[in-house]
Every structure is written in structure tokens, then in C-alpha cells.
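Results of the structural survey
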Amino acid sequence: MEKIKVKVLNEVGLHARPAARFVSKANEFTSDIQVKNVTNNSKWVNAKSIISVLLLGVEKDHEIEIIAEGEDEAEAVKQIVELVNNCFGE
């Protein structure tokens, strides 16, 4: 299991287009990937579900935690964190 916390720095947080990119990246991997909004102390949700990710209400400067479990868990977490740190390519 890979687990990491990361701060969301882009202006709109994890809404609309950034959330779609986040979910798209998560769906590239076979591992089970979960995410939660640490700032709001949310429940864990499926990182491969756009509705679930949007409902986290992640805003700029919120911290999220990502857990991946499966054969490609390390690469999944690495690439998702890179996406978040690069402000979802925006």
C-alpha cells in the first residue's frame, strides 16, 4: 500500500476540469485508489469516480491524502502527486 498527503495549489482546487484530470489519471492504473480531503476530514472516496471526487469539496490550499493498493500502486501515487503538484496542467 502506498499512502501520501499533498497540498492542492491550483486556484480552483479539485473542481471541474482538474477533477476530471485527476480521475482520468487514477483510471490509468489497475490499483484501487482512494482519496480524502484531509482539511475537511472527509471520508475516503474512490479516486476513479468523478462524482465522488467533486463531492470532496477540495479548494485551493486544501490537503488531500491518497492511498493506492495493487500491483501498480507506487507508480499510481507518483503520477497522481505529480499531476497535483503541476496544478493539473493548468
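Quick summary incoming for the structure in this document.

**Concerning the packing of helix H1 (residues 16–26) against helix H3 (residues 73–85)**
Following both chains from N to C, one finds H1 and H3 inclined at 165°, their axes separated by 10 Å at the closest point. Taken together, the axis directions place H1 and H3 in an arrangement best described as roughly antiparallel. Pair H1 / H3 crosses with right-handed handedness. Seen from H1, the contacting residues are Arg 21, Phe 22, Lys 25 and Ala 26; seen from H3, they are Gln 79, Ile 80, Leu 83 and Val 84. Residues of the contact of H1 with H3, tallied by class, amount to five nonpolar, one polar and two charged.

**Comments concerning the nonpolar core**
Phe 22, Ile 33, Val 35, Ile 64, Ile 66 and Val 84 are the most contacted members of the largest nonpolar core, which has 25 residues in total. Going through the elements one at a time, H1, strand E2 (32–37), strand E4 (63–69) and H3 are the ones with two or more residues in this core. Top element by residues in this core is H3. It accounts for six residues. Beyond its immediate sequence surroundings of up to four residues, Ile 66 is in contact with Glu 2, Lys 3, Ile 4, Val 6, Phe 22, Ile 33, Gln 34, Val 35, Trp 44, Val 77, Ile 80 and Val 81.

**Regarding the sheet that holds strand E3 (residues 45–46)**
Spatially, E1-E4-E2-E3 is the arrangement adopted by the four strands of the open sheet, whose pairing is antiparallel. A single partner strand is all that each edge strand has here, and the edge strands are strand E1 (2–7) and E3.

**Side note on the side chain of Asn 37**
Structurally, Asn 37 can be placed in strand E2. The class of Asn 37 is buried, set by a relative accessible area of 0%. Apart from the residues within four sequence positions on either side, Asn 37 is in contact with Ser 42, Leu 56, Gly 57, Val 58, His 62, Glu 63 and Ile 64.

**Regarding the environment of Val 81**
On the secondary structure map, Val 81 appears in helix H3. Owing to a relative accessible area of 13%, Val 81 belongs among the buried residues under this scheme. In this structure the C-alpha to C-alpha distance between Val 81 and Thr 30, which are 51 residues apart in sequence, comes to 17 Å. Val 81 has contacts with Ile 4, Val 6 and Ile 66, leaving out every residue within four places of it along the chain.

**Quick notes on a nonpolar patch on the surface**
On the surface, a cluster of nonpolar side chains totalling about 370 Å² of accessible area is made up of Ile 50, Ile 51, Leu 54 and Leu 55. Mapped onto the elements of the fold, Ile 50 is located in helix H2 (residues 50–54).

Analysis parameters
- Residues numbered from 1 in each chain as written.
- Predicted model: local features only at pLDDT ≥ 70, side-chain atom pairs only at ≥ 80, totals over all residues.
- Heavy atoms only, no water.
- Axes fitted to C-alpha atoms, helices over the stretch in contact; angles between N-to-C directions.
- Helix = DSSP H or I, 4+ residues; strand = E, 2+ residues; numbered from the N terminus.
- Parallel < 35°, antiparallel > 145°, perpendicular 65-115°, else oblique.
- Left-handed = near helix turned anticlockwise from the far one by under 90°.
- Contact = heavy atoms within 4.5 Å.
- Nonpolar A, V, L, I, M, F, W, Y, C, P; charged D, E, K, R; others polar.
- Core = buried A, V, L, I, M, F, W, Y, C linked by side-chain atoms within 4.5 Å.
- Buried < 20%, exposed > 50% of the residue type's maximum accessible area, 1.4 Å probe, protein only.
- Pairing = 2+ DSSP bridges.
- Patch = residues over 30% accessible without salt bridge, like charges linked within 9 Å, V, L, I, M, F, W, Y side chains within 5 Å.
- Areas by Shrake-Rupley, 256 points an atom, 1.4 Å probe, with all protein chains shown as cover.
- Salt bridge = Lys/Arg side-chain N within 4 Å of Asp/Glu carboxyl O.

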